[in-house]
Amino acid sequence: MTQDFLDQIAWILSAVAAVAAVIGLRFDAYSHAQGREEAFRKISGRSFAAVGLLLVGLDVFAWLRSAGIPPRLWPDVTSIVTAGVGCTVLVLGIVRVVRTGPEPYVTQLRHISNTAIGKLGEPNQLTEPLVTIGKRVPRRRLASRQLLRSRAKVTFVVGEAGSGKTLALRKALWRTHQHVTTTKKPPWMAVYINLANVTAPITAEAIRSHVYEFVADGDSVIQTDLRNLLDGRRNLRWLFLFDAFHAADSDETTLKAIRQFADSRPAFAAIVVTQDEPDVLAGEKVLRLSPLTYRQQQDIAADSGITDTLLKRLLTHLTQHPELARRAANPRFLQFLCDHMRQAEANWFPSSSYELLEAVVAQRLRRAANPSQIAEVAESLAARVIDRGLAADLERPDPAAIDALIAVGILQAYRNDMAVFASGMFCDYFAARWLVRMRERIDPQELITAPAWRDPLALCLGPSTGELREPLVTAARKVLDEQLTKAAWAIGDVTPYLTAAPNAPLTGIARPDLAWPAPVRHVLDLLNKVEGDVPASAELTRLIDRIVVSAFVRGRPAEQKRAMALLPLASPEVGAWAVTWLVRTDSPEELTLDAAEQLNASPETFSRLPGHVRLLLLTWVLKSPPLVSLLVPRARIRLEDRVIGLAVLARAAVRLLQAWAVIGIIRFSSLLFGDVSLRWPSAVMPLMCGVFLLGSGPRLKAVSRRAYAMAWFPALLGGLLTLDAVVQAAQAFVFLLSGEIGNGLLELFRATANSWPVALVAFMGWTGRLPQGPRDWILPHLRPLHDLFTQYIAARDPDEIVHAIRRNLTLPNKALLLRWLNGGLFLALAILVFGLPVEIPNVSPGEQTDARAATATGLILLAFLVNSILSKWQQRIKWQGISERMASGHLTAEELLAMLYSAGRADHPGSSVSRVRKWETPETDFLVRALTECPPNSLTHVVDVLRDLDAALGHIAYMVDKNSTEPIPQGVWDSVPQLRHPGLRSSLIQHDKRCPGQLERLAAAHQDRIRRVIERVPES
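The shown structure was predicted, so the numbers you read here are calculated from the model rather than taken from an experiment.

Cut-off values and rules
- Residues numbered from 1 in each chain as written.
- Predicted model: local features only at pLDDT ≥ 70, side-chain atom pairs only at ≥ 80, totals over all residues.
- Heavy atoms only, no water.
- Helix = DSSP H or I, 4+ residues; strand = E, 2+ residues; numbered from the N terminus.
- Contact = heavy atoms within 4.5 Å.
- Areas by Shrake-Rupley, 256 points an atom, 1.4 Å probe, with all protein chains shown as cover.
- Axes fitted to C-alpha atoms, helices over the stretch in contact; angles between N-to-C directions.
- Left-handed = near helix turned anticlockwise from the far one by under 90°.
- Nonpolar A, V, L, I, M, F, W, Y, C, P; charged D, E, K, R; others polar.
- Phe/Tyr/Trp six-rings, centres within 6.5 Å; stacked < 30°, edge-to-face > 60°.
- Buried < 20%, exposed > 50% of the residue type's maximum accessible area, 1.4 Å probe, protein only.
- Pairing = 2+ DSSP bridges.
- Salt bridge = Lys/Arg side-chain N within 4 Å of Asp/Glu carboxyl O.
- Patch = residues over 30% accessible without salt bridge, like charges linked within 9 Å, V, L, I, M, F, W, Y side chains within 5 Å.
- Parallel < 35°, antiparallel > 145°, perpendicular 65-115°, else oblique.
- Expected span 1.5 Å × (residues − 1).
- Core = buried A, V, L, I, M, F, W, Y, C linked by side-chain atoms within 4.5 Å.

Visitor: Outline the overall build of the chain, listing residues and values.
Guide: For the chain, the helix and strand inventory stands at 45 helices and eleven strands. In the chain, the share of contacts with a sequence separation of at least 24, taken over all contacts with a separation of at least 6, comes to 73%. If you sum the accessible surface of the chain, you get close to 51100 Å²; carbon and sulfur atoms cover 59% of it.

Structure follows, in C-alpha cells:
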C-alpha cells in the first residue's frame, strides 16, 4: 500500500464528509419543516461526529503506517489537511448535538410533570422505606428506585398501614420529576392516581378520564398533549402509581380495571400499593416493604427531637413490650411514639397501639374548642371512609368541625363529600371508636368478614378496649366453624397428623394447593392483626388447630403464612408440630423468614415448644444466613421472667461461634511458625475465622451474610472440641473405674470446660430461659440430661423404654444404616487382611498370600450374606411399621396414599423389556392384606379416601384392560366420578404416569377386598 493510494483514500473520505454535510443540511431543512428539528439535528450531528472521527482515525493510521512507530517522518500537507477536515467535522457534530435542545414532546412532559408536582407537592423528609429483593440472599433496597426499575406489567407494593407505601409512590414520582426535568430524552414518565378520587364505579375508562382531569387540571393544551403522548407515539414508558387501593368499593373489580388499563397500551405499567397479599398473575411482581432498620429508627428519633436519655428509656420500654416493639418498626407509628414522648416528657409510656393513638389524638384535640363533639364528627367521618354505604345513614358533618379537624392535623382535606385523614391510623382509630359507640346497632358477624373493617376491628380486639372483644371473638368462632364445615378438604381431626413426625414430604402425593374461602381469610387476617392475647376458648383453639394443620398439609404458601401467624392461638402440640414440619420439610425461604420473625415476636409461643424442637429450630436458623441477619440484631430478653426468644438463642449461638473463632485463630496461628509443610493448611483456619469475626462484629448489630458463610470453620473447630470433651469424659470414666480418682477428676474437669459453651446454648434452647442459680451456670449439662432421663427412662419398664427410644429415633431407615455399616466394616477387614502383611495363624509362610486372599474373599461373601439378612430384616421392619401404624387408629389419608404409591413403585417391573416375566405385586398384596387384618375402628380416618379409591378403581376396571401396560388415557380420568378427597385424582394420575399398568392390576386383584374393608368400618 503506497502513500499515493492512502492519499487518494483520504481525499475520497473528505469528499464523502462534505457530501454528508450537505445532505445533513438538506435533512435539517426538511426536518424543520416537519416539526422535528431537534431530533434530526441530533441525528445529523452524531453522523458528522462519526464521519469526522473515522476520517481522523484513518488519516492517523495512514501516517503511522508510512512513518513507522515511533514515527520517523513528519506528516505531509495532505495528511494535515485531511486531519483538519476530520477534526472540523467531528467538532461540528459534537457542537450540534450539545446545542440541540430537547424535543417538543420532552417540553410537554416537563410541563405535565411540573403541573402534577405542583398539585401534590414535594414528599416529606421521612426515612424512605425499603423493600426486600432477592430469594437466595435477600437484600434491602430503596423502594422508590425498585419501583422505577420494575419491568413487570403490574407491580404490587405490600405493607401495613403507616409502613410508607404512599411515601414510596411519592418518592418515585419525585425521582421521575427530577429525571424528566434534567434529561433531554427521559425513558419513562410517572403519573400518581389516588383511587379514592376516581369516580365510581372504577373502570379502565374511568381511570383514563381521571388521569386527563387530574393531570390537565382544566388546561385544554395539557390535556391535548397528554392524549397524544399516551397514544404511544414516542418510545416512552408510562408508570401509573395507584394509591388507596384498599379504600376502593370492590378490590376485585378495581384490580380488574387496573389490569385492563395497563394492558391497553404496551408502554403502560401499573404500580399498586395494598395492605393485603394480592393474587398475582403471570408477568406480575410483588415487592414487600421491610420493617425499619435500627439505623432508620435512630434517624426518625433524632429528627423528632428526642434526647439520648429519652431514647434509652424508649428502648427499655420496647424490650418489655414485644408487640409494641414490633409496631415500632412502622415509620408512622414510630413517629407518633416519638412525638408523644417529646410532648409528654416521658411521664407515661403506652403499652399498645390503641393507647398511643388515644394519647396522640387527645394531644391534638386539646387545641380545639369542643374536643368531644369534634371527636364524634371524626368517628362518623372515619366510618364513612371505611364503608361508603354508611354515607346515606349518617348526618352531614358540620363544616366548622371539619375545619377544626384539619387545623389540628387529624384531617388532611375534605373533598367530594369524603374525608381524607392525615394518616390511615387515625382513620382506623376513630372507626374503632365509632364501632364501640354503636355496638348495640352493629352485627359483629357481618363486620368481621368485611375486609375494609379489619384494622378497626383489630383495635377493638386489643387489650385496651373490652366492650367488643367477647362479641367479636364469638362471631369469629361462628364464622370459622361454619366455613370449616362447608370446606370438604379441611381436616376434621388433627390427632392422626400430630402422631406422625413430619420428617419429609410424603412422596407420590399431589398437593391439592387449595385456598381458604374469603370469609375465613378475612377472619384469620383479623386475628393476626390483633395485639396481645385474643380471648381464646377450647372451641376456638380446636378450630385454629384444624386451620393450621390443614394449611400445612394441603394449603398454599399464602395459607401456610397465615397459619404461622396463628400459632399463639393454637395448642402447644400443634405449635410444636407446625415448627417441626417447617424445619424438616423443604419450605419456601420466604415462608421460613416469616415463620422465624413470627416466633421471635411471640416469646410465649416459642417457650411452649418442647426442648428438642427448640434445639432443632436453632440448628435450622444457624444454617441460614438470611435468618441470622434477620434475628440476631433483634435479640431482646424479658428480664421480669428471664424468658428468651428465638433471636436471643440465635445470638447466644453466634457468640459461641465467635468464641470458637478466637480459639481457632490462637491455636492455628501458632502452627505457622512450626513445620513448613503445615503453614499453608494452618493459615486457612485463622484467615476464615478472622473473616467471620470481622463480618459479625463485636456488637452483632448487622451480621454480614457473606462473612457468615465462613462460620463453618469455627463450627468445625467447635465440633472437634466437643468430640474431644466426649473422649475426655470417657477417659475420666475409665480412670474412676480403675481407682485413679485424681486423673479421673482432672479429665472430667477438662471435659466440662471444653463442653461448657455448647452445654450453655443447649440449656437455653432446651429450657427456653436463661440459667438461674449457680448450678445452672456452672453445670448447664445437667438439666437437659435430667429431662432426657425423665422422658425416656424414669418410671418405665424396659420394654417401654426401648419402644420410646425407637419411636423418637428420627433416622429414616435404621436397617439401611446397618447395611451400610456392615458393608463398610467387612470391606475394611478385607482390605486389612489382603492389603497388609497380616500373618494368618497355622499357615506356612509360602502359603500366606493365598490364605489372605481366601480370607478376604470369605469376608466379602460373608458381608453379602449378612447384607441379604439385613435386607430381609429391613423389609420386615417396614411391614411391621405399616401394620402398627394402621392398627394405631391414627393413619392419615396422605400416609395411606404414600404407602400405596411406594408399594406400586416397588412392585413395578420397570421397562417394557422386563415385563416378559410374571408381574408380581408382593408390596401391594401386603398393604391390602394389612388393611384387611386391621381392626375396623382404626380406619375411621381413612374410610373416605378408601371410598374414593374404590370408586376410582371400579371406573378404571370398567374402562381399561387389566393387562394394559400403557398409561391410562386422559379421557378415562376426565370421566372419573366425583372424588371427595382433595388431590386424590391428581395423585392417581401421577401414580399411573410413573407406574403404568399398576392401577389396572390393583383394580383387578384387590378392588373387592378394599370394598369389604370399607363395609367393615363403622360409620363415624
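That was the structure; now back to the text.
Visitor: Can you lay out the packing of helix α4 (residues 104–120) against helix α6 (residues 165–182) for me, pointing to particular residues and giving the numbers?
Guide: One way to put it is that α4 packs onto α6 with a least axis distance of 10 Å and a crossing angle of 145°. Classified by chirality, the crossing of α6 by α4 is left-handed. Touching Leu109, Arg110, Ser113, Asn114, Ile117 and Leu120 of α4 are Arg170, Leu173, Trp174, His177, Val180, Thr181 and Thr182, all from α6. Looking at side-chain class alone, the contact of α4 with α6 contains six nonpolar, five polar and two charged residues.

Visitor: Go over the packing of aromatic side chains, please, and point to the residues and values.
Guide: This model, assessed by the stated rule, comprises twelve aromatic pairs. For the pair Phe240 and Phe268, a centre-to-centre distance of 4.9 Å together with 70° between the ring planes defines the contact as edge-to-face. With a gap of 28 residues between them, Phe240 in strand β5 (residues 237–243) and Phe268 in strand β6 (residues 268–274) connect regions that are remote in the sequence. Classification of Phe240 by relative accessible area gives buried; the value is 0%.

Visitor: Quick rundown of the pairing of strand β4 (residues 188–194)? Include the residues and the values.
Guide: The buried fraction of β4 amounts to seven of the seven residues, a majority that puts the element mostly inside the structure. In this structure, β4 lies alongside β5, joined through seven bridges in parallel fashion. When the bridges of β5 are listed, Ile193 appears paired with Phe242.

Visitor: Any details on the pattern of salt bridges? Residues and values, ideally.
Guide: Applying the stated criterion to the full structure yields 15 salt bridges. The partner of Arg554 in a salt bridge is Glu894, and the shortest N-O contact between them spans 2.8 Å. With Arg554 in helix α23 (residues 538–554) and Glu894 in helix α40 (residues 893–907), this pair connects stretches of sequence that are 340 residues apart. Taking relative accessible area as the criterion, Arg554 reaches 7% and is therefore assigned buried. In this structure Glu894 comes out as buried when scored by relative accessible area, which is 8%. Of the charged contacts in the structure, one is a salt bridge between Arg750 and Glu747, with a shortest N-O distance of 3.3 Å. Here Arg750 pairs with Glu747, and both are found in helix α34 (residues 741–767), just three residues apart, close to one helical turn. Through salt bridges with shared partners, a single network forms among Glu379, Arg433 and Arg437.

Visitor: Requested: an account of a nonpolar patch on the surface, with residues and values cited.
Guide: A contiguous nonpolar surface patch, about 340 Å² in accessible area, is contributed by Leu736, Ile741, Leu745 and Leu748. Here the element with the most residues in the nonpolar patch is α34; it accounts for three residues. Along the chain, Leu748 turns up in helix α34. Taking the relative accessible area as the measure of exposure, Leu748 reaches 39% and is therefore partly exposed.

Visitor: Describe in detail the side chain of Arg454, supporting the description with residues and values.
Guide: If you trace the backbone, Arg454 turns up in helix α19 (residues 454–460). Classification of Arg454 as buried rests on a relative accessible area of 10%. Sequence-distant contacts of Arg454, that is, excluding residues within four places in its chain, are made with Gln275, Asp276, Asp525, Leu526 and Lys529.

Visitor: Before we move on, can you summarise the sheet that holds strand β7 (residues 285–288) with the specific residues and values?
Guide: Taken together, five strands build an open sheet; the order of strands is β4-β5-β6-β3-β7 and the sheet is parallel. Each edge of the open sheet carries a strand with a single partner, namely β4 and β7. Adjacent strand axes in the sheet meet at a mean angle of 20° when their direction is disregarded. Strand direction decides the pairing type here: β5 and β6, joined by five bridges, are parallel.

Visitor: Tell me about the environment of Arg366, residues and numbers included.
Guide: Here Arg366 is to be found in the loop between α14 (353–365) and α15 (371–386). The exposed category is assigned to Arg366, whose relative accessible area is 65%. Sequence separation of Arg366 and Val408 is 42 residues, and the distance between their C-alpha atoms is 8.8 Å.

Visitor: Kindly report on the packing of helix α42 (residues 943–959) against helix α45 (residues 998–1016), identifying the contributing residues and their values.
Guide: The contact between α42 and α45 brings their axes to 9 Å, and the two run at 140°. Here α45 runs oblique to α42, going by the angle between their axes. For α42 against α45, the interelement crossing comes out left-handed. Packed against α42, whose contacting residues are Val943, Leu946, Arg947, Leu949, Asp950, Leu953, Gly954, Ile956 and Ala957, the element α45 presents Leu999, Glu1000, Leu1002, Ala1003, Gln1007, Ile1010, Arg1011, Val1013 and Ile1014 at the interface.

Visitor: Would you mind going over helix α33 (residues 712–737) in detail, with residue names and values included?
Guide: Given a rise of 1.5 Å per residue, 26 residues ought to cover 38 Å, and the 38 Å separating the end C-alpha atoms of α33 matches this to within 8%. Taken together, the buried positions of α33 are Pro714, Leu717, Gly718, Leu721, Ala725, Gln728 and Ala732. Taken from the residues just after α33, Gly739 is the one with a positive phi, measuring 90°.

Visitor: Lay out the nonpolar core in plain terms, naming residues and giving numbers.
Guide: Of all hydrophobic cores here, the largest spans 148 residues; its most connected members are Phe421 and Ile544. The element best represented in this core is helix α30 (residues 646–669), accounting for twelve residues. Core analysis: the second largest hydrophobic core is formed by 40 residues, Met899, Leu927, Val942 and Leu984 among them.

Scope: geometric values only; no functional claims are made or implied.
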